[in-house]
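Structural features, examined
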Amino acid sequence: MLITFEGLDFSGKSTQIKLLADRLKQERHEVLVLREPGGTSIGEKIRTVLLDTKSTGMTAAAEFLLYSASRSQLVEHVMKPALASGTVVLCDRFYDSSTAYQGWGRELPLDIVKAINYLAGGGLVPDVTFFIDIPLHEVERRIAERGEGKDRIESGGHEFYEKVLKGYKSLMAEHKRFVVIDGMKSIEVIHDAIWKAVSAKLNKRVIH
Ligand code: TMP
């Protein structure tokens, strides 16, 4: 089973992924946690290039193709073998991020983004995708609170994030696999909502 997590930066995805992974392990599932971009040695190098504020002048197409290159490595070398052995794979972002950030945010042609997502995603479709929903002003507050400065993508500004959010809304309207989670609730309440949806999926899988 492939479970992906999406959302704007600082939506709390990683906290929730960790809690879900722990819960699944308690229930004796094999679990693998991955993150995009990264998760392989080539992918981690690509991640450094992508997030480095010194990577100036990167074209939108180059940015998208680098994310896709990292994804292809992860899918073929890590994800597919894990899924084939029955492991529950939790992935912090997947190709929906490319659609939202590069397709909508950077305004690359959506049909091309879709085709390359299919190629780099190796034809995989998540069983469920959680969208952790937090308002834009809260993202900006959390970025400021961290006080470390912004990475290259976070530096896109308010208008960029508005476009990204619009992209996510369009994806959620199109695909039934999305489950929207209110990211302003407490960590425990969010975890319970996620666990409810995941355990329902797992139970269904056992019955069929
Ligand atoms: P993270 O902060 O969730 O680890 O994600 C890294 C950044 O990369 C985040 O700002 C979102 C961005 N991103 C894209 O723009 N396109 C993509 O395809 C992926 C996977 C991430």
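The following refers to the structure shown. Remember, predicted model here, so these are calculated numbers, not experimental data.

Each value, and the rule that gives it
Residues numbered from 1 in each chain as written. Predicted model: local features only at pLDDT ≥ 70, side-chain atom pairs only at ≥ 80, totals over all residues. Heavy atoms only, no water. Helix = DSSP H or I, 4+ residues; strand = E, 2+ residues; numbered from the N terminus. Buried < 20%, exposed > 50% of the residue type's maximum accessible area, 1.4 Å probe, protein only. Contact = heavy atoms within 4.5 Å. Near = heavy atom within 4 Å. Polar contact = N/O pair within 3.5 Å; in protein donor to acceptor, adjacent residues only side chain to side chain. Areas by Shrake-Rupley, 256 points an atom, 1.4 Å probe, with all protein chains shown as cover. Pairing = 2+ DSSP bridges. Phe/Tyr/Trp six-rings, centres within 6.5 Å; stacked < 30°, edge-to-face > 60°. Axes fitted to C-alpha atoms, helices over the stretch in contact; angles between N-to-C directions.

**Quick word on the overall build of the protein**
When its secondary structure is counted, the protein shows 8 helices and 5 strands. C-alpha extents for the protein along the principal axes are approximately 50 × 35 × 30 Å. Counting across all 208 residues of the protein, residues that qualify as buried make up 47%. The long-range share in the protein, meaning contacts at least 24 apart out of those at least 6 apart in sequence, stands at 79%.

**Digging into the environment of Lys 163**
Positionally, Lys 163 belongs in helix H7 (residues 157-174). Sequence separation between Lys 163 and Tyr 101 is 62 residues, and the spatial gap between their C-alpha atoms is 7.9 Å. Those residues in contact with Lys 163, other than ones at most four positions away along the chain, are Trp 104, Gly 105 and Glu 107.

**Points about the site of the ligand**
By nearness alone, 13 residues border the ligand, and Asp 9, Tyr 67, Arg 93, Ser 98 and Gln 102 come closest of all. Tyr 67 is positioned such that a nitrogen or oxygen atom in its side chain is 2.8 Å from an oxygen atom of the ligand. One of the side-chain nitrogen or oxygen atoms of Ser 98 is found 2.7 Å away from an oxygen atom of the ligand. Taking 480 Å² as the accessible area of the ligand by itself, protein coverage stands at 92%. Per-element tally for the shell around the ligand: the top contributor is helix H4 (residues 95-105), with 4 residues.

**A look at the environment of Ser 98**
Within the secondary structure layout, Ser 98 lies in helix H4. Assessed through its relative accessible area of 1%, Ser 98 is described here as buried. Sequence separation of Ser 98 and Asn 117 is 19 residues, and the distance between their C-alpha atoms is 7.7 Å. Setting aside residues up to four positions removed in sequence, Ser 98 forms contacts with Phe 64, Tyr 67, Arg 71, Gly 103, Val 113 and Asn 117.

**Observations concerning the pairing of strand S4 (residues 128-133)**
Buried residues dominate S4, accounting for 5 of its 6 residues. Bridge count between strand S1 (residues 2-7) and S4: 5 bridges; the pairing is parallel. Within the sheet, the bridge partner assigned to Glu 6 lies in S4 and is Phe 131.

**Some words on the packing of aromatic side chains**
Enumeration according to the criterion identifies 6 aromatic pairs in this entry. Of the aromatic side chains, those joined through ring pairs into one cluster are Tyr 101, Phe 131, Phe 160, Tyr 161 and Tyr 168.

**A closer look at the side chain of Glu 36**
Take Glu 36: it is sitting in the loop between strand S2 (31-35) and helix H2 (41-51). At 2.7 Å, the side chain of Glu 36 and the side chain of Arg 71 are in polar contact. Discounting residues that sit within four places of it in the chain, Glu 36 has contacts with Arg 47, Arg 71, Leu 74, Cys 91, Asp 92, Arg 93 and Phe 94.

**Things to note about the sheet that holds S2**
The strands making up a sheet associate through hydrogen bonds between their backbones, and the pairing can be parallel or antiparallel. Here we have 5 strands laid out as an open sheet, ordered S2-S3-S1-S4-S5, and parallel in their pairing. The strands lining the two open edges of the sheet, one partner per strand, are S2 and strand S5 (178-182). When strand polarity is set aside, the average angle formed by the axes of neighbouring strands in this sheet is 20°. The pairing of S1 with strand S3 (residues 88-92) spans 4 bridges and is classified as parallel. Residue pairing across strands places Phe 5 opposite Asp 92, the latter belonging to S3.

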